[in-house]
Amino acid sequence: MKSTGESLGLGVTFEEAMGKAVLAGSENPFNEPGNGYILCSIPDREKSESLPFIQEIVNKHFKLAATEGTATFLEENGIIPAEVIRERERLNELLLQQKIKAIINLPDQGRNTETFGFYLRQEAVRYKVPCFTHLDTVKAVMNLKADSQGQLEIRTVTELYSLKEKNLSSTN
């Protein structure tokens, strides 16, 4: 569980549980290429680590939007130019037009309400845009296969435990 927006997804497989917890029945934003922006706002300490993920996003034909420092870093590292989001008005315009499909915002100042990152996360909730605050979650969601996010099957804990036991015994 993360520090905000906790949810619990139970499943027989990791993919099923992750799909339930993170996507909650909605489409995987990383499976809709060419249909909008992925907005990135990444602190200096995680910029290098984020490059492979962002390159994969670009390879899937998404447009990038980024805060100024992130956009500069991406361009310096050979990632296509991103639309720079400097003002709240432009952010709100893109969100209102439903052009931002997901936000990758790795906080570095936590609950400081004066930061643009805090505002990004707040607006993500307001406009119901998936917001990822950790690279490990971005990686897990990007790796979800389309079939792991289909119809959510609701099961009791007892049913899940029974299925898990069956799966374990069939692999031994």
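Scoring rules and cut-offs
- Residues numbered from 1 in each chain as written.
- Predicted model: local features only at pLDDT ≥ 70, side-chain atom pairs only at ≥ 80, totals over all residues.
- Heavy atoms only, no water.
- Salt bridge = Lys/Arg side-chain N within 4 Å of Asp/Glu carboxyl O.
- Helix = DSSP H or I, 4+ residues; strand = E, 2+ residues; numbered from the N terminus.
- Buried < 20%, exposed > 50% of the residue type's maximum accessible area, 1.4 Å probe, protein only.
- Phe/Tyr/Trp six-rings, centres within 6.5 Å; stacked < 30°, edge-to-face > 60°.
- Lys NZ or Arg CZ within 6 Å of the ring centre and 35° of its normal.

(A) Highlighting the pattern of salt bridges. This model, assessed by the stated rule, comprises 6 salt bridges. Note that Glu123 and Arg126 form a salt bridge whose closest N and O atoms lie 3.2 Å from each other. Note that Glu123 and Arg126 are positioned in helix 5 (residues 116-126) at a spacing of 3 residues, about one turn of the helix. Classification of Glu123 as buried rests on a relative accessible area of 5%. When salt bridges that share partners are traced, they join Glu83, Arg90 and Glu93 into one network.

(B) Geometry of the packing of aromatic side chains. According to the stated counting rule, one finds 2 aromatic pairs in the structure shown. A centroid spacing of 5.4 Å and a plane angle of 40° characterise the contact between Phe30 and Phe132, whose relative ring orientation is tilted. With Phe30 in the loop between helix 1 (14-23) and strand 1 (37-41) and Phe132 in strand 5 (residues 131-132), the pair connects residues that are 102 residues apart, well separated along the chain. Overall, the relative accessible area of 1% leaves Phe30 in the buried class. For Phe132, a relative accessible area of 4% translates into the label buried. One residue, Lys63, lies across the ring of Tyr37, its end atom 5.1 Å from the ring centre.

None of the figures reported here should be taken as evidence of function without further support.
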